[in-house]
Amino acid sequence: MKRFFPSMAGISARELPIPRQHLYAIIMLAGFSVASVTLLPSPGELLKDDPISVDAGALATGATMISQAADTEFVAISDRELLGSEDIAHDANDAADDEPQWTEYKVKDDDNLSFIFDTLNLPAKTLHQLLEVDIRNSLIRIKPGQMLAFLIDEKNQVQQLRIALDQGNHVLFERKGDRYVAHLENAQGVTQTVAAKSTPAAEQPRARVVPGSPVIKGKISSAFSASARSAGLTANQVRQVSRLFQGRIDFRRDLRRGDSFRVLLDKPSVGGKASADAKVLAVTFNVKGRTLSAYRHSDDKFYDADGSSLVSGTFLRYPIPSVRRVSSSFSPRRRNPVTGTVMPHNGTDFAVRVGTPVLATGAGVVVKATSHRAAGRYIILRHNGRYSSHYMHLSKLLVKPGQKVKQGQTIGLSGNTGRSTGPHLHYEFRINDRPVDPMRVDLPVNDSMSGKQRRAYLAKVREYDRKLNG
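Residues numbered from 1 in each chain as written. Predicted model: local features only at pLDDT ≥ 70, side-chain atom pairs only at ≥ 80, totals over all residues. Heavy atoms only, no water.

For the rest of this paragraph, the subject is helix α10 (residues 451-469). Under the 1.5 Å per step criterion, the end-to-end length of α10 is 27 Å for 19 residues, consistent within 8% with the ideal 27 Å. Along α10, the positions that sit buried rather than exposed are Tyr457, Val461, Tyr464 and Leu468. Take α10 and look down its axis: the buried residues cluster within an arc of 65°, on one side only. With respect to the buried face of α10, the exposed residues turned more than 90 degrees away are Lys452, Arg455 and Arg466. (Helix = DSSP H or I, 4+ residues; strand = E, 2+ residues; numbered from the N terminus. Expected span 1.5 Å × (residues − 1). Buried < 20%, exposed > 50% of the residue type's maximum accessible area, 1.4 Å probe, protein only. Arc of directions from axis to C-beta.)

Next comes the structure, spelled out in structure tokens:
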């Protein structure tokens, strides 16, 4: 060291051919070069084709972050909270349940029973109860193309399930109390039954009543629900009538004082009040001088005076044009990755940039276009018949409540408002106000009758009209 430092002192005192700072830079560069050569792996190791090892835990964390990057946060928003007083089918005074409605489902190639029940948002417990009384293994042997028909009530309970078999046979499951009974049926009637029917209670003597007319007539004096209840309809019947005309009548804006309606029931009224178990057969509305009508056919579906289904046209599968990237699917049992809590995800989330046009998937009426702390800016459309659609987390609303929209019309722009983990659209499709999987459920079509079936239906319409106007 003593020899080194004197030599360095001599160098520093000597006259150099280059500036001193340049010399220092050359020395530092040489040192870095030696270190690099020493630390680099050998050429053989550099040219190896072995995969790079990545921590699995890091991958899982990254996947979770990606999946949550465009999701609706785990929140529970009640329909009452979103709809407020706009929903005519949810009158505050209506405590009765609606008449159950049939929902048909065509089995797809990749379906199984669990998929089907998840698509229709039905409890797994119901599936297990049905399997207990299955006949001919009709449930576990379902095939692509086979038709299933579910009769589902307002409490999301399957009251009946009909499974078509071959040669005109079908299996019918019926709810009896808290369990199910299954029948094998053909055109002549029941051929086999599984599970005993409950013994009927002793019939009580009934008081003699004088039946009235099966037609309930009324005029609009205030809200439709109040006017219909005053005319004699039950809460259940009011809600059913309102659903029949969703998409054709905006009950809050189209109806005026003096407009009238008539409802034909399958049982006569008693004391001017409709029987609670009476079915609605036909309805006519006189609104602003025009007549709108609906008639029940033998298939228990309602059609207009010409025999066309009350479902107007078809529905788009996707509310975003040319976008198919789903960031979070419909799931009745989605688990929060943070809390572990199971909470249903009642819609489908599409990961799209803010400002992407959002389309109405079907023609209908805007019943809500406003903001909510969790849903952000959102729109609810009522379509003809028993269908509705929800669009949440929008950045901009392009429609107003009461406005009628066409299928494919741009109703808003996607965004990231409300409880959201990234820019996306949350889309829901509902049947009888029950959320179903919009990517898998059979979308309605505009069924129109023809030939002999239409002639028989029109004859029934004339009979209904005579009773309505009699």
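Let us keep going from here.
Right, let's talk about the sheet that holds strand β8 (residues 260-265) for a bit. Hydrogen bonds between backbone groups are what pair the strands of a sheet, and the pairing can be parallel or antiparallel. Spatially, β7-β8-β9-β10-β11 is the arrangement adopted by the five strands of the open sheet, whose pairing is antiparallel. Every other strand in the sheet has two partners, leaving β7 (215-219) and β11 (302-303) as the edge strands with one partner each. On top of the sheet, helix α9 (residues 235-244) reaches β8, β9 (280-287), β10 (290-296) and β11; it is set at about 65° to β9, its chief contact. (Pairing = 2+ DSSP bridges. Contact = heavy atoms within 4.5 Å. Axes fitted to C-alpha atoms, helices over the stretch in contact; angles between N-to-C directions.)

Let us look at the packing of aromatic side chains. According to the stated counting rule, one finds twelve aromatic pairs in the structure shown. Relative to Tyr387, the ring of Phe315 lies with its centre 5.7 Å away and its plane at 55°, an arrangement referred to as tilted. Here Tyr387 lies in strand β19 (residues 387-397) and Phe315 lies in the loop between β11 and β12 (326-328), a separation of 72 residues in the sequence. Summarising the burial analysis for this pair, Phe315 and Tyr387 share the class buried. (Phe/Tyr/Trp six-rings, centres within 6.5 Å; stacked < 30°, edge-to-face > 60°.)

Counted under the stated rule, the structure contains eleven salt bridges. The partner of Arg179 in a salt bridge is Glu132, with the nearest N and O atoms 2.3 Å apart. Separated by 47 residues along the polypeptide, Arg179 in strand β5 (residues 179-186) and Glu132 in helix α7 (residues 124-132) bring together distant segments of the chain. Judged by relative accessible area, Glu132 falls into the exposed class, the value being 54%. Where salt bridges share partners, they join Lys460, Glu463 and Lys467 into one cluster. (Salt bridge = Lys/Arg side-chain N within 4 Å of Asp/Glu carboxyl O.)

With respect to the helices and strands, the residue Asn169 is situated in the loop between β3 (158-164) and β4 (170-176). Residue Asn169 is classed as buried on the basis of its relative accessible area of 18%. Sequence spacing of Asn169 and Leu184 is 15 residues, and the spatial spacing of their C-alpha atoms is 7.3 Å. Aside from chain neighbours lying at most four places away, what touches Asn169 is Ala164, Glu185 and Asn186.

Below, the discussion takes up the pairing of β8. Inspection of the sheet shows β7 paired to β8 by five bridges, in the antiparallel sense. Bridging across to β8, Gly218 finds its partner in Phe261. Two elements, β8 and β9, share six bridges in a ladder whose sense is antiparallel. Considered in β9, the bridge of Arg262 is made with Thr284.

With that settled, the discussion passes to unusual backbone geometry. Generally, phi is negative for residues other than glycine and the peptide bonds are trans, each holding for most cases. Phi at Lys288 takes a positive value of approximately 55°, unusual for a residue other than glycine. Residue placement: Lys288 occurs in the loop between β9 and β10. The class of Lys288 is exposed, set by a relative accessible area of 53%. Positive phi outside glycine occurs at Asn432, with the angle close to 55°.

Turning next to the pairing of strand β22 (residues 425-431). Two faces, one strand: in a regular strand the side chains alternate between the faces of the sheet. Most of β22 sits inside the fold, with seven of its seven residues counted as buried. Residues Leu425, Tyr427, Phe429 and Ile431 of β22 are buried on one face, and the alternating residues His426, Glu428 and Arg430, pointing to the opposite face, are buried as well. Here strand β15 (residues 348-350) runs beside β22; their pairing, made up of three bridges, is antiparallel. Counterpart to Thr348 in the pairing with β22 is Tyr427. Looking at chain direction, β19 and β22 are connected through six bridges and run antiparallel. Within β22, the residue paired with Ser389 across the bridge is Phe429. In this structure, β22 lies alongside strand β23 (residues 434-436), joined through three bridges in antiparallel fashion. Counterpart to Arg430 in the pairing with β23 is Pro435. The loop that links β22 with its antiparallel partner β23 comprises two residues; one of these, Asn432, has a positive phi angle of about 55°.

Next up on the list: the environment of Ile320. With respect to the helices, strands and loops of the structure, Ile320 is situated in the loop between β11 and β12. Along the backbone, Ile320 and Leu359 are 39 residues apart, and their C-alpha atoms lie at a distance of 6.1 Å.

Take the nonpolar core next. Judged by nonpolar contacts, the single largest core of 47 residues is most densely connected at Phe150, Leu161, Phe173, Ile379, Tyr391, Ile411 and Phe429. A total of four residues in this core trace back to one element, the largest contributor, which is β22. Counting 26 residues, the second-largest nonpolar core is a separate cluster that includes Ile220, Ala231, Leu255 and Val280. (Core = buried A, V, L, I, M, F, W, Y, C linked by side-chain atoms within 4.5 Å.)

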